[in-house]
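Each chain, written out:
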Amino acid sequence: MTTATLTVTPQTLVADAARLMLEHRVSGLPVIDNDGALVGIVTERDLLCRPEIGTAPRHANWINLWLTADESAEEYAQSRGRKVGDVMTRQVFSVAPDTSLHDITALMVREGVKRLPVTRDGKVMGMVSRADFLRPLLGRLDNVQGPRAEDITIRREILREISGKRWSPRPVVDVSVCDGVVELTGSVASERVRAAIRVAAENTSGVKQVITHLRLASDTSGAGDRDAPSHSR
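In short, a report on the structure. (Residues numbered from 1 in each chain as written. Predicted model: local features only at pLDDT ≥ 70, side-chain atom pairs only at ≥ 80, totals over all residues. Heavy atoms only, no water.)

## A word on the side chain of Asp132
As a reminder of what qualifies: Only DSSP runs of H or I with at least four residues qualify as helices, and only runs of E with at least two residues qualify as strands; both kinds are numbered from the N terminus onward. The buried label applies to any residue whose accessible area, calculated with a 1.4 Å probe on protein chains only, is under 20% of its type's maximum; exposed applies above 50%, and partly exposed to all values in between. The definition of a polar contact used here is a pair of N or O atoms within 3.5 Å, where within protein one atom must be able to donate a hydrogen and the other to accept one, and adjacent residues in sequence count solely through side-chain atom pairs.
With respect to the secondary-structure elements, Asp132 resides in helix H6 (residues 130-143). Given the relative accessible area of 18%, Asp132 is considered buried. Engagement of the side chain of Asp132 in a polar contact is seen with the backbone nitrogen of Ser129, the distance being 2.8 Å.

Below, the structure is given as structure tokens:
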């Protein structure tokens, strides 16, 4: 979570709240009372529908018929209010400092919120936002490495070696390589073909070990081959 959390009060001017959001690049601010207790949250969404920018709510006449006087008055004050207390969202979802990450993300998804105040005894201690999850995710993704160029080359060489041979299996055997360890999977016509493919893999430069899971096409047991790993020469 972010502990250096900006807050506003119900008496804060909407203009000042909007300025804080822009200056600090945040999309929402917790609203606290004089005792520091959380009473609401004001977000960019709360400031979208404003007559100053030509986005005040407009309803068809038939919709206005369904709005009660109180609902119409609340909408008017919310879209034109000059203080945070007039425009803020009062139903605030919050979490405790010891709430699990799984529960936090589940709450965000279920309620469609981007940020959650972290509170203890009703007082705001910080904020947790979607960005707090994206930063470590990006770090993990950046550290994920793709297949090594050497492994790709080894796989290509093995496939090239066995391709076009009179005994070349149909369908082609699948070859996977990780850190020089080759795994052969698929089915072959005979034990001799299986041995030839294994030898071709073992003789390929850079191969450290060959593991075969090649089944004989005549093997109907479904158990497949479980040869012990062989080593390159």
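Moving on from the coordinates now.
## Quick notes on the nonpolar core
Filter applied, for reference: Nonpolar cores were defined as sets of buried Ala, Val, Leu, Ile, Met, Phe, Trp, Tyr and Cys residues, with membership established by side-chain atoms within 4.5 Å.
Of all hydrophobic cores here, the largest spans 14 residues; its most connected members are Ile158, Val182, Leu184 and Ile197. Mapped onto this core, the elements with two or more residues apiece are helix H7 (149-162), strand S5 (174-178), strand S6 (181-188), helix H8 (191-202) and strand S7 (209-216). Listed in part, the eleven residues of the second largest apolar core include Leu29, Leu47, Val84 and Val87.

## Digging into unusual backbone geometry
Phi at Arg25 is positive, roughly 55°, even though this residue is not glycine. Here Arg25 shows up in the loop between helix H1 (14-24) and strand S1 (28-32). Here Asp179, not a glycine, exhibits a phi torsion of approximately 55°, which is positive. By the element assignment, Asp179 lies in the loop between S5 and S6. Asp179 gets classed as partly exposed once you look at its relative accessible area, which sits at 42%.

## Structural notes on the pairing of S1
This is how the line gets drawn: Strands were regarded as paired on the criterion that DSSP finds at least two bridges between them.
Within S1, five of the five residues are buried, which leaves the element mostly enclosed by the surrounding structure. Every second residue of S1 is oriented toward a common face, with Gly28, Pro30 and Ile32 on one face and Leu29 and Val31 on the other, all of them buried. Across five bridges, S1 lies against strand S2 (residues 38-43) in antiparallel orientation. Across the sheet, the residue bridging to Leu29 is Val42, located in S2. Linking two consecutive strands that pair antiparallel, namely S1 and S2, is a turn of five residues; a positive phi of about 85° is found at Gly36 within it.

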